[in-house]
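# A closer look at the structure
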Amino acid sequence: MKYSGACHCGSVTFAFEADVDEIVRCDCSLCSKRNALMVTVHREHFNISRGQDALRVYRWNSGVARHYFCGTCGIYVYHQRRSNPALLSVNACSIDGLDRETLPTRQVDGKSRSVVETTAAADAAAAAE
Ligand SMILES: [Zn+2]
């Protein structure tokens with residue numbers, strides 16, 4: 001099925017084609033803080049329709065995954081995965097008309113795959129030493 005979506009301010013719009021049959025949740029420190037609900041999309045089926053230059057990238061942990069968000073409104077749009085760079089996770093809440101309530105949610109264990117602590121936790125650990 002074809003989907004479209006946008007960040008909050010509309011600077012960034014996107015379109016993709018995928019069989020969306022589940023919502024993915026991840027418990028890593030980043031996804032927890034942004035309360036991310038995601039759908040899986042193959043990279044070659046995803047296009048930024050507008051606002052490529054408005055996107056900012058955030059990298060942490062191993063630095064491999066690329067987390068893209070709108071530089072104007074700050075909304076997380078999608079990220080390229082570390083485990084499989086051919087796959088993207090797209091912010092389910094920014095997809096037009098997606099009925100998230102009717103889709104099953106799958107919890108993935110991102111926490112145990114994180115190789116570094118968050119900065120705040122690392123600072124606290126350093127202060128405690
Ligand atoms: Zn925006």
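Structure: above.
Here we summarise the structure given alongside this text. (Residues numbered from 1 in each chain as written. Predicted model: local features only at pLDDT ≥ 70, side-chain atom pairs only at ≥ 80, totals over all residues. Heavy atoms only, no water.)

## Focus: the coordination of the zinc ion
Looking at the zinc ion, the protein donor atoms are Cys7 (SG), Cys9 (SG), Cys70 (SG) and Cys73 (SG), and they sit 2.3 to 2.4 Å from it. Note that the zinc ion binds 4 donor atoms; their angles at the metal cover 107 to 117 degrees, and the shape is tetrahedral. Written as a sequence motif, the donor residues of the zinc ion are C-x1-C-x60-C-x2-C. (Donors = N, O, S within 2.8 Å, 3.2 Å for Na, K, Ca; no water. Tetrahedral: all angles 85-135°; square planar, octahedral: opposite > 155°, others 65-115°.)

## So, the sheet that holds strand S1 (residues 2–6)
Pairing is antiparallel across the open sheet formed by 3 strands, whose spatial order is S1-S2-S5. The open sheet terminates on both sides in strands that have one partner only, identified here as S1 and strand S5 (46–50). Averaged over all pairs of adjacent strands, the angle between strand axes in this sheet comes to 25 degrees, irrespective of strand direction. Bridge count for strand S2 (residues 13–17) against S5 is 4 bridges, and the pairing is antiparallel. Bridge pairing in S5 places threonine 13 opposite arginine 50. (Pairing = 2+ DSSP bridges. Helix = DSSP H or I, 4+ residues; strand = E, 2+ residues; numbered from the N terminus. Axes fitted to C-alpha atoms, helices over the stretch in contact; angles between N-to-C directions.)

## Comments concerning unusual backbone geometry
With a phi angle near 55 degrees, asparagine 35 is a residue other than glycine that sits in the positive phi range. Among the structural elements, asparagine 35 can be located in the loop between helix H1 (29–34) and strand S4 (38–42). The residue asparagine 61 is not glycine, and still its phi comes out positive at about 55 degrees. Within the secondary structure, asparagine 61 sits in the loop between strand S6 (55–58) and strand S7 (66–70).

## A look at the packing of aromatic side chains
In total, this model carries 6 aromatic pairs according to the counting rule given. With a centroid separation of 4.7 Å and 45 degrees between ring planes, the pair formed by phenylalanine 46 and tyrosine 78 is classed as tilted. Of this pair, phenylalanine 46 sits in strand S5 while tyrosine 78 sits in strand S8 (residues 76–80), and the two are 32 residues apart along the sequence. By relative accessible area, which is 8% here, phenylalanine 46 ends up buried. (Phe/Tyr/Trp six-rings, centres within 6.5 Å; stacked < 30°, edge-to-face > 60°. Buried < 20%, exposed > 50% of the residue type's maximum accessible area, 1.4 Å probe, protein only.)

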